[in-house]
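Chain by chain, the residues:
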Amino acid sequence: MSSTRTSRSAVRSTLHRLKPPEGTTPELRSFVRERYLDSEDYQAREFTQQGMEGLLITGGVPRERADWCTAVESITGLDVNERSRAAAGLILMRTARGTYALSYGVGQHMLDPYFRDDEFGLEFATRCLDDDGVIKIRNQIMDGRGRVDEYSVSRGERIDDFGLDRFGAVVRRICGTVSGLSLTSLETGRTRQVRVECAQATIKLPLATTVEQFLGDLLAIEDVCAKPDPLPQLRFVSRVHTLDSRSHKAVEALETHLATPDSPRLTIGVPDSCQESYSSAQAFRARRGSRTIETSDLELRHLLQFVQDKPEGERLKALGAVRVTMFSDDDYRTPAGVTTNGKEWLIADITMGTDRLFYGNGKWFEVGAGFLETLEEELTALFTQPQTVTLPPWPKGPPNSKGHDSHDEDWFNHQAAEPDGYLLFDKKDIVTEKFRGGGLEICDVLGPENQLICIKKAPASTAPLNHLFAQGVVAVETLRSDIEVRAKFLEQVAAHTPDHRLLHDFGTLRVVFGILLKDGQDIRVDSLFAFAQVSLLQAVRRLRAMNAEVEVIAIRR
């Protein structure tokens, strides 16, 4: 049996890729904040090790008395006098492909954020994470609220199982497992996979501790990042990029809003690099030049005070010059996280004609960028996956007394439920106090492997399909959350088949949408109405988030 314990020759480290100005090769010291180079509490030393030249900076700020001592004394009545020291280590180095930094402790604070390569972490993750190895995802929602959503599981899952909104959000952080990569920690001992945590600008993973093996690990990471395309299941993550030619128009629109502190298009959001420490921050300092604002709660108005006297065209630039630091104490002595610039805290939702642009974490995005391509890929994958049920043809029948096709949905549902293992549930509504005046139809047919089969004829409009997809979502939501509905449904199942699998295995459900399009045509991306495509994917996202698989089957004539 394989072990996931990392080899002792590798230590979990935080790797940064740095981006010097184009066409320049600055000294490694220029990537470090000047105050750390000038401080007596820090030491900068150059080194050469087996052909690798670099710069090491170590140190920390010793404190005679930890900031929590006074509070502890007050609560206990006992004398407390403990020292603390925030240790920091930073290694900077160059390879033939790039410039990198390794940070330890609070060493990332020493890096000048201007040189961070914010594509690095996600570029790596989208090219090597295991298909079923995603553990945690953090999304920046592209609306005016500055909301960040985080999803996590204890074991690796497919990206699809998280139910992500792929069209209105930007992935800011993704964690998961990697195997099959030429890392030292995967080549020694019994380790078969490692966990990596990738933010926009950093990768946290086990790296070798000897020079030769470390350079080998770094080369393996560079090889991954050099791959031209991300993995198919993670391609949507890399589709949202900084706007190019249209961004200057957005900046012009944003400049006007920056002069209005109460603009409804602006708000404040927490930068990704501050997410972990923000909840423990007790004070904030915003500084630009000789002007400083200190506050216990950072608000948008504090940041805009630095730019309101600037002429239009200079305000966003001025906001970028504001340095924001969080502190874990209210005497502004212990930083709680990396220092950021004011632009990273700004959230803007700008509408320009038919375009809707989003500014967050210092970057411009277009809401829905890559929408059509992502839409087509997801639908194609859904339509081509293996099918677990078989549905009969749905031929036209003779006209009934009203002149309508006698082979209606009721007729077809009886045909679909005829094979062994299939149970008819059409018109068997479950009635509870919650559904006074009506009832809930869980499915039309129950399949032999817990498939909730929902049937619909959709010859000429989107409305029947929207109803069909909503039926599947409501059915699963209710079964998961309403004990009374679940009990009554299982009673109905037991009445038909006392030993049915569903009675003992209610974990993973599968919703099957059986669709008869005009003339029984195949279901492809171009055969579904545009609104039905979006409606279907929204339903799929919600169902997968409830641990329900989804299957789409074309019914033939």
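Residues numbered from 1 in each chain as written. Predicted model: local features only at pLDDT ≥ 70, side-chain atom pairs only at ≥ 80, totals over all residues. Heavy atoms only, no water.

Some remarks on the pairing of strand β10 (residues 202-208)
Consecutive side chains along a regular strand alternate between the two faces of the sheet. Within β10, six of the seven residues are buried, which leaves the element mostly enclosed by the surrounding structure. Across seven bridges, the pairing between strand β1 (residues 10-18) and β10 is antiparallel. Opposite S13, over in β10, you have L205 as the bridge partner. Here strand β9 (residues 194-199) runs beside β10; their pairing, made up of two bridges, is antiparallel. Paired with E197 across the two strands is K204, which belongs to β10. Between β9 and β10, which follow one another and run antiparallel, lie two residues. (Buried < 20%, exposed > 50% of the residue type's maximum accessible area, 1.4 Å probe, protein only. Helix = DSSP H or I, 4+ residues; strand = E, 2+ residues; numbered from the N terminus. Pairing = 2+ DSSP bridges.)

Points about the nonpolar core
Formed by 46 residues in total, the largest nonpolar core has its most connected members in I442, L452, F489, F513, I515, L536 and L543. Those elements that place two or more of their residues in this core are α10 (371-384), β21 (451-457), α12 (463-481), α13 (483-496), β22 (509-516), α14 (530-545) and β23 (548-554). Core analysis: the next-biggest nonpolar cluster, separate from the first, contains 38 residues, M52, M93, L207 and F236 among them. (Core = buried A, V, L, I, M, F, W, Y, C linked by side-chain atoms within 4.5 Å.)

Let's talk about the side chain of H302
For H302, the location among the structural elements is in helix α8 (residues 300-304). In this structure H302 comes out as buried when scored by relative accessible area, which is 6%. Polar contacts involving the side chain of H302 include one to the main-chain amide nitrogen of E299, which spans 3.0 Å. (Polar contact = N/O pair within 3.5 Å; in protein donor to acceptor, adjacent residues only side chain to side chain.)

Regarding the sheet that holds strand β2 (residues 42-49)
Taken in spatial order, the 10 strands of this open sheet run β2-β3-β4-β5-β1-β10-β9-β8-β6-β7, and their pairing is antiparallel. In this open sheet, the two strands that pair with only one neighbour each are β2 and β7 (148-157). The sheet shows a mean angle of 25 degrees between the axes of neighbouring strands, taken without regard to direction. Strands β1, β5 (99-105), β8 (169-178), β9 and β10 of the sheet are contacted by helix α3 (residues 120-128), whose axis makes an angle of about 140 degrees with β9. (Axes fitted to C-alpha atoms, helices over the stretch in contact; angles between N-to-C directions. Contact = heavy atoms within 4.5 Å.)

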